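Topology and contacts: notes
This is what each chain is made of:
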Amino acid sequence: MSSQATPIQGSRPVTPPLNSAGSMLSPVSHESLQPPVCRHRDRSPSPMRGYLIPSPLPTRRNRTCSATARASEGPVYTGVCKYFSRSKGHGFITPSDGGNDIFVHISDIEGEYVPVEGDEMSYKVCSIPPKHEKVQAVEVTITHLNPGTKHETWSGHVVSS
């Protein structure tokens with residue numbers, strides 16, 4: 001039997017798979033079972049690669065329309081920024097009427113300044129799933145900048161107040 005396959009009339013010639021030495025592969029050889037090597041462009045490494053579980057905290061992007069509507073219809077509260085980390089993307093507000101600190105996500109902050117400790121803020125609240133026992137601040141605006149502190153804009157400019 002020759003190493004060339006004979007063409008069937010009306011079809012293209014079929015060449016059998018060859019190994020790296022140039023000889024024909026048997027149908028059960030391990031080299032024939034290997035998937036072809038993909039030569040795709042490497043993707044840039046993502047900082048979120050490996051974190052397959054999405055955050056349970058609702059941000060503007062993943063909040064439902066009904067939750068947004070309920071929050072926008074609610075009353076406006078005031079409080080003072082207790083802590084905010086731009087690198088982590090969240091912080092906490094101490095309500096002016098007392099009570100537990102309220103979580104605030106970076107996507108819910110309106111205005112041009114990054115909040116710092118002591119800034120007076122106004123906000124509305126939205127419950128956090130799945131149990132809806134806790135709340136987070138939404139539609140957050142800084143009403144008064146803390147005097148004597150440096151404030152950073154979202155674009156990176158530093159302003160003294």
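See the structure shown above.
The structure reproduced in this document is the subject of the present report.

Scoring rules and cut-offs
- Residues numbered from 1 in each chain as written.
- Predicted model: local features only at pLDDT ≥ 70, side-chain atom pairs only at ≥ 80, totals over all residues.
- Heavy atoms only, no water.
- Core = buried A, V, L, I, M, F, W, Y, C linked by side-chain atoms within 4.5 Å.
- Buried < 20%, exposed > 50% of the residue type's maximum accessible area, 1.4 Å probe, protein only.
- Helix = DSSP H or I, 4+ residues; strand = E, 2+ residues; numbered from the N terminus.
- Contact = heavy atoms within 4.5 Å.
- Pairing = 2+ DSSP bridges.
- Polar contact = N/O pair within 3.5 Å; in protein donor to acceptor, adjacent residues only side chain to side chain.
- Phe/Tyr/Trp six-rings, centres within 6.5 Å; stacked < 30°, edge-to-face > 60°.
- Axes fitted to C-alpha atoms, helices over the stretch in contact; angles between N-to-C directions.

Concerning the nonpolar core
Cys81, Phe84, Ile93, Ile102, Val104, Ile109, Val114, Met121, Tyr123, Ala137, Val140 and Ile142 together form the largest nonpolar core, which totals twelve residues. Breaking this core down by element, the ones donating at least two residues are strand 1 (77–85), strand 3 (102–105), strand 4 (120–128) and strand 5 (134–144). If one sorts the elements of this core by residue count, strand 5 sits on top with three residues. Once residues lying within four places of it in the same chain are set aside, the contact partners of Ile142 are Tyr113, Val114, Pro115, Asp119, Glu120 and Met121.

With respect to the pairing of strand 4
Relative to strand 4, strand 1 is paired through four bridges, and the arrangement is antiparallel. Note that in strand 4 the partner of Thr78 across the bridge is Ser122. In this structure, strand 4 lies alongside strand 5, joined through eight bridges in antiparallel fashion. Bridged to Val125 within strand 5 is Ala137. Adjacent in sequence and paired antiparallel, strand 4 and strand 5 are bridged by five residues, among which His132 carries a positive phi angle near 60°.

Brief notes about the environment of Asp119
In this structure, Asp119 sits in the loop between strand 3 and strand 4. Note: C-alpha distance between Asp119 and Ile93 (26 residues apart in sequence) is 9.4 Å. Once you skip the residues sitting within four places of it in the chain, Asp119 turns out to touch Gly79, Val80, Cys81, Val114, Ile142, His144, Leu145, Asn146 and His151. Of the polar contacts made by the side chain of Asp119, one reaches the backbone nitrogen of Val116; its length is 3.0 Å. A distance of 2.8 Å separates polar atoms of two side chains, one belonging to Asp119 and the other to His151.

Focus on the packing of aromatic side chains
In total, this model carries two aromatic pairs according to the counting rule given. Pairing Phe92 with Phe103 gives two aromatic rings, centres 5.9 Å apart and planes at 75°, and the pair type is edge-to-face. In this pair, Phe92 is assigned in strand 2 (residues 90–95) and Phe103 in strand 3, connecting sequence segments eleven residues apart.

Quick notes on the sheet that holds strand 1
To summarise the sheet geometry, strands pair through backbone hydrogen bonds and adopt either a parallel or an antiparallel arrangement. Around the barrel, which closes on itself, the five strands sit in the order 1-2-3-5-4 with mixed pairing between neighbours. Each strand axis lies, on average, 50° off the axis of its neighbour in the sheet, ignoring direction.

Brief notes about the pairing of strand 3
The two faces of strand 3 match: Ile102 and Val104 on one face and Phe103 and His105 on the other face are all buried. Summarising the sheet, strand 2 and strand 3 pair through four bridges and their orientation is antiparallel. Counted as the bridge partner of Gly91 is Val104 from strand 3. Linking strand 2 to strand 3, which pair antiparallel, is a turn of six residues; within it Gly98 sits at a positive phi near 90°. As judged from the two bridges shared by strand 3 and strand 5, these two strands associate in the parallel manner.

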